[in-house]
Amino acid sequence: MQAIDARNLTKSFGDLVAVDGISFSIASGEIFGLLGPNGAGKTTTISMLSTMQKPTSGTATVNGHDVVTREDDVRKSIGIVFQDQSLDEELTAYENMDFHGRLYRIGGEERRRRIGELLALVGLADRKDDLVKTYSGGMRRRLEIARGLLHEPKVLFLDEPTLGLDPQTRNHLWEYIARLNNEKGITIILTTHYMEEADRLCDRIAIVDRGTIVALDTAENLKHSIGGDVVTITSPDPDKIADLLTAPWVSGIERHDGSVTVRLQEADRHIPGIVTAIHQSGIGINSLSVRKPTLEDVFLHYTGKTIRDEEADGKETIRMFQRARRR
Amino acid sequence: MDIVYTIWLRNVKRYLRSKSRIVGSLGMPLFFMLVLGFGLNSIVRIPGMEEGYLEFIIPGIVAMSVLFTSVFSGIQIIWDKQFGFLKETLVAPVSRLEIMIGQTLGGATTAVIQGLILMVFALFIGLQPAGITGFLVAVGFMALIGVTFTAFGIAIASRMEDMHGFQLIMNFVIFPIFGLSGALFPINSLPGWLRPLTLADPLTYGVEGIRYGLSGTAQVHPLASLAVMAACAVLMTVAGAYLFRKIQT
Ligand SMILES: Nc1ncnc2c1ncn2[C@@H]1O[C@H](COP(=O)(O)OP(=O)(O)OP(=O)(O)O)[C@@H](O)[C@H]1O
Ligand SMILES: [Mg+2]
């Protein structure tokens, strides 16, 4: 059975179309990634699938239940970790878990047992009676993930689960997410800005930009799809190099400040030819590197931005800052 | 019922934990009680009443404390919205009505506790306990005020994006409701044009009910007060539930 099936899902806020008729399905037991720049519509998509927002048009089912007409069935079968924190800081970790367990009508004995297990699993057992406001960002995130699992959902939504975490904690969480998926067969839909995260965890990745899915496949196939290896040449005159490389085996050229990125199949065979041609035109080369494409290249190819450009726009930092200030 | 209890429990826990809030919101009522009560006790005579002004305003100040605490509890939903916790509740497979009722009862409970603390203080400055039945009548009216105005707070909070409007609501709704009620003066002594406003103010009946419970006399028949307060509690809860159903995170 499909865990999720979205058909032409659309959400508009006034004039702004945040999610623009996207369709996809996710198989049971899959880890599915939504990768996209700020404002692409990832959170909005998840909000619709988790019944938090009504689609403007289109339909979706989660575990076979329609998200509009069978809200309650959907809610029972999903767990969600929101992008922004959603803990009660005036309660302890245990009380946050207990509140959740009661809301999902898990009986007393069973509830206590699962809370104990999950808190141990995310390494918070010894801090369980501390107020959440004394927790670090990483501890809060782990608590939220544990909470999302308490009612044993079939589908788990993780909206930027590792945002703002240190590399060690992030790695720890990745292992944990992979294990959940492996051992319990939980279907996981996660959004992320971290290429490495998507690459390592996801069976399939949808690249979302301006409310539409611009590419959807396994990480391997996505890397293949953009046309082979990546050659980066830095030079005082990158524009001339770009004009020079018109051969049919060049599948793509991008100009940047002081460098040009060329995509081509079997780069190792063509490199000598490229270098000779540039040399003969009297253009200087500062450096030249060849590498296999990464997910970052794929992202750049489909959205026209690097994730670094995007970080530089500072939205993420501002968001974190605002959250920190509210506390 | 489990869900209502869960939400109620969280509210009460948070309240009992916030010592500074408990102490802080005792400040103004105590101030009123001491300054107005003692300050005017010797110069104000209430026509047709045996006791002094101090005894007269104690029920009014208790009602005030319940009023403020409950409105504030209801409005707290805005914080839950801003801190994100509301999403956790709304995404759970529970009805909005259960959440709203749990919030209302939680707010009313904290408001009653706050009123009780004030009553204990009042014992030291002249409140004569009028027996257990009267006390229970007073608590019953406090609970009705609590439910009415927590639900009112929730209704407001469901429509507000942030706390900016809070001051507005306090100044133009809550203070008038307090001022126009018979909390600080006997309704019989009002000029004619003000009387309808006072009689239209739900808190008037709450104050009169508490006054009846604590001192055995009131200017409005206690059953009439009970009928009005109970109707207000039900109406406000329905209105609050209706608006809360449409709340957006
Ligand atoms: N409640 C709302 N009202 C109006 N516009 C909204 C609302 N929620 C989202 N949007 C807009 O919809 C677009 C998509 O937002 P969304 O939060 O889904 O993006 P995202 O992909 O999750 O981005 P990020 O990576 O920054 O979290 C944005 O342009 C945003 O401004
Ligand atoms: Mg988002």
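Residues numbered from 1 in each chain as written. Chains lettered and ligands numbered in written order. Predicted model: local features only at pLDDT ≥ 70, side-chain atom pairs only at ≥ 80, totals over all residues. Heavy atoms only, no water.

The name an unreviewed UniProt entry gives chain B is Multidrug ABC transporter permease, with Methanoculleus methanifontis as the organism. In its Subcellular location (unreviewed entry) section, the UniProt record describing chain B reads: "Membrane". (UniProt positions renumbered as here; feature names shortened; annotations may be inferred.)

As annotated in an unreviewed UniProt entry, chain A carries the name ATP-binding cassette domain-containing protein and comes from Methanoculleus methanifontis. Among the UniProt annotations of chain A, the heading Sequence similarities (unreviewed entry) holds the following wording: "Belongs to the ABC transporter superfamily. Drug exporter-1 (DrugE1) (TC 3.A.1.105) family."

A. Representation of the site of ligand 1 in the model. Residue and element names in this part refer to chain A. Lining the immediate surroundings of ligand 1 are 16 residues, of which Asn38, Gly39, Lys42, Thr43 and Thr44 lie closest. At 2.9 Å from an oxygen atom of ligand 1 is found a main-chain nitrogen or oxygen belonging to Gly41. The protein chains hide 67% of the 630 Å² of surface that ligand 1 would expose on its own. Where the shell around ligand 1 is concerned, the elements lending two or more residues are strand E2 (16-27), helix H1 (42-49) and helix H13 (315-326). With three residues, H1 is the largest single contributor of residues to the shell around ligand 1. Residue classes in the shell around ligand 1 are distributed as five nonpolar, seven polar and four charged. (Near = heavy atom within 4 Å. Polar contact = N/O pair within 3.5 Å; in protein donor to acceptor, adjacent residues only side chain to side chain. Areas by Shrake-Rupley, 256 points an atom, 1.4 Å probe, with all protein chains shown as cover. Helix = DSSP H or I, 4+ residues; strand = E, 2+ residues; numbered from the N terminus. Nonpolar A, V, L, I, M, F, W, Y, C, P; charged D, E, K, R; others polar.)

B. Just the pattern of salt bridges, in detail. All names here are of chain A. Following the criterion strictly, the structure yields 34 salt bridges over all chains and no others. The salt bridge partner of Asp239 is Arg255, with a shortest N-O separation of 3.7 Å. Separated by 16 residues along the polypeptide, Asp239 in helix H9 (residues 238-244) and Arg255 in strand E12 (residues 250-256) bring together distant segments of the chain. (Salt bridge = Lys/Arg side-chain N within 4 Å of Asp/Glu carboxyl O.)

C. Fine view of the interface of chain B and chain A. At the junction of the two partners, chain B supplies 23 residues and chain A supplies 27 residues. Each partner contributes to the roughly 2500 Å² buried at the junction of chain B and chain A, and carbon and sulfur atoms together form 59% of this total. Contact with chain A buries area across many residues of chain B, yet Glu88, Val91 and Pro93 of chain B alone supply 28% of it, more than any other trio. For the pair chain B and chain A, the number of links is six salt bridges. The residue Glu88 of chain B makes a salt bridge to Arg147 of chain A at a minimum N-O spacing of 3.4 Å. Counting across the chain B and chain A interface gives 10 residue pairs in polar contact (both at pLDDT 80 or more). Elements supplying a minimum of two residues to the side of chain B that touches chain A: helix H1 (2-17), helix H5 (85-90) and helix H6 (96-124) of chain B. When residues of the side of chain B that touches chain A are assigned to their parent elements, the largest contribution, eight residues, is made by H1 of chain B. Class assignment of the residues belonging to the side of chain B that touches chain A gives a composition of 10 nonpolar, five polar and eight charged. (Contact = heavy atoms within 4.5 Å. Buried area = accessible area lost by both parts, 1.4 Å probe.)

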